[in-house]
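Listed below are the residues making up each chain.
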Amino acid sequence: MAKIQPLLAASSSPSSADECQSLQLQGEQVYTVWMKSLVFSGNGCTVYGADGRVAFRVDNYGCRGGREVFFMDGAGNTLIKIQRKSFGMFRRWEACRYFAGGEETRPWFKVQKARSGGAAVTMNGCGRTYSIDGCSSKSEYKISGAGGEVVAAIGRKQAASGVVLGEDVLTLTVGPEVDHLLVLGMVVVCGLMNRCM
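Here the structure is a predicted model, which is why all the values come from computation and not from measurement.

Relative to strand β12 (residues 150–156), strand β11 (residues 141–145) is paired through four bridges, and the arrangement is antiparallel. Pairing of Ile143 across the sheet is with Ala152, part of β12. Count of turn residues in the β11/β12 antiparallel hairpin: four residues, of which Gly148 carries a positive phi of about 90°. Bridge count between β12 and strand β13 (residues 169–174): five bridges; the pairing is antiparallel. When the bridges of β13 are listed, Arg156 appears paired with Leu170.

Within the structure shown, the criterion is met by three aromatic pairs. Relative to Phe71, the ring of Phe56 has its centre 5.3 Å away and its plane inclined at 20°; by these criteria the two rings are stacked. With Phe56 in strand β3 (residues 54–60) and Phe71 in strand β4 (residues 68–73), the pair connects residues that are 15 residues apart, well separated along the chain. The same class applies to Phe56 and to Phe71, which are both buried. An aromatic cluster is defined as three or more aromatic residues linked by ring pairs; in this entry it consists of Tyr31, Phe56 and Phe71.

Bringing the pattern of salt bridges into the picture now. Scanning all chains against the criterion turns up four salt bridges. Here Arg53 ties to Asp51 by a salt bridge, and the two come within 3.0 Å at their closest N and O atoms. Taking the shortest distance from any N to any O, the salt bridge between Arg57 and Asp59 comes out at 2.2 Å. Each member of the pair, Arg57 as well as Asp59, carries the same accessibility label: buried.

To continue, consider helix α1 (residues 180–193). A rise of 1.5 Å per residue sets the reference length of α1, with its 14 residues, at 20 Å; its end C-alpha atoms lie 20 Å apart and thus fit the reference within 8%. With respect to burial, α1 is a largely interior element, 14 of its 14 residues being buried. Positive backbone phi, at 55°, marks Arg195, one or two positions downstream of α1.

Here we come to the pairing of strand β6 (residues 92–99). For a regular strand, the rule is simple: side chains alternate between the two faces of the sheet. Of all the eight residues making up β6, seven are buried; the element is thus mostly covered by neighbouring parts of the structure. When β6 meets strand β8 (residues 109–113), the two strands line up antiparallel, connected through four bridges. Counterpart to Ala95 in the pairing with β8 is Phe109. Where β6 and strand β7 (residues 102–103) come together, two bridges link them in antiparallel fashion. Bridge pairing in β7 places Tyr98 opposite Glu103.

Another point: the nonpolar core. Counting 45 residues, the largest nonpolar core has Phe56, Phe71, Ile82, Phe109, Ile132 and Leu172 as the members making the most contacts within it. Considering every element that reaches this core, the biggest residue donor is α1, with 11 residues. Leave out the neighbours within four places in its chain, and Ile132 touches Gly118, Ala119, Val121, Tyr141, Lys142, Ile143, Met186 and Cys190.

Turning our eyes to something else, we now look at a nonpolar patch on the surface. Taken together, the side chains of Trp34, Leu38 and Val54 present a nonpolar region at the surface, about 230 Å² in accessible area. Counting through the fold element by element, Trp34 comes out in strand β1 (residues 29–34).

This next bit is on the environment of Glu94. Take Glu94: it is sitting in strand β6. Residue class for Glu94 comes out buried when judged on its relative accessible area of 11%. Sequence separation between Glu94 and Gln112 is 18 residues, and the spatial gap between their C-alpha atoms is 9.1 Å. In this structure the side chain of Glu94 is engaged in a polar contact, spanning 3.0 Å, whose partner is the side chain of Arg92.

Thresholds applied
Residues numbered from 1 in each chain as written. Predicted model: local features only at pLDDT ≥ 70, side-chain atom pairs only at ≥ 80, totals over all residues. Heavy atoms only, no water. Pairing = 2+ DSSP bridges. Helix = DSSP H or I, 4+ residues; strand = E, 2+ residues; numbered from the N terminus. Phe/Tyr/Trp six-rings, centres within 6.5 Å; stacked < 30°, edge-to-face > 60°. Buried < 20%, exposed > 50% of the residue type's maximum accessible area, 1.4 Å probe, protein only. Salt bridge = Lys/Arg side-chain N within 4 Å of Asp/Glu carboxyl O. Expected span 1.5 Å × (residues − 1). Core = buried A, V, L, I, M, F, W, Y, C linked by side-chain atoms within 4.5 Å. Contact = heavy atoms within 4.5 Å. Patch = residues over 30% accessible without salt bridge, like charges linked within 9 Å, V, L, I, M, F, W, Y side chains within 5 Å. Areas by Shrake-Rupley, 256 points an atom, 1.4 Å probe, with all protein chains shown as cover. Polar contact = N/O pair within 3.5 Å; in protein donor to acceptor, adjacent residues only side chain to side chain.

Written out as structure tokens, the structure is:
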């Protein structure tokens, strides 16, 4: 099995010609998402790869549902900064990528709550859109592309013996030909929307 690589070996951000192309296209991958921080008395989540090792994590040392969180790889390197913008019913989240040269100045993607209980995701610079169906549910929802195709699904984790684990232990299945880091960023935003972190 291929090892999960959170970033490409690049010294700077991608060029404008590359903006609309996914950077982490892989085959279908299954992650375990534990909606708990690895830090004692911290808020966040931990993402485990198929090999059982920590692949990604979010540690929010502030209050639950903080205005700014950092999505990191297993070694603690920041990959995405997610900020809550606005308040009330106009609340949205913006995510900026981190590269070897530092933080990208423009948002990578934006998430806005929809009236249907889901959310709309807009990629910066290329107009690509995604929708999160059922995001108001803490443990089961789907992420769809602009054409309606399901690119990722999240649900409660089931042990090999058939036992369904707690509501804070989830299985995330990311389809092929989609940027895994992008999908994981959307899952973190859903956790923030539902104040799970």
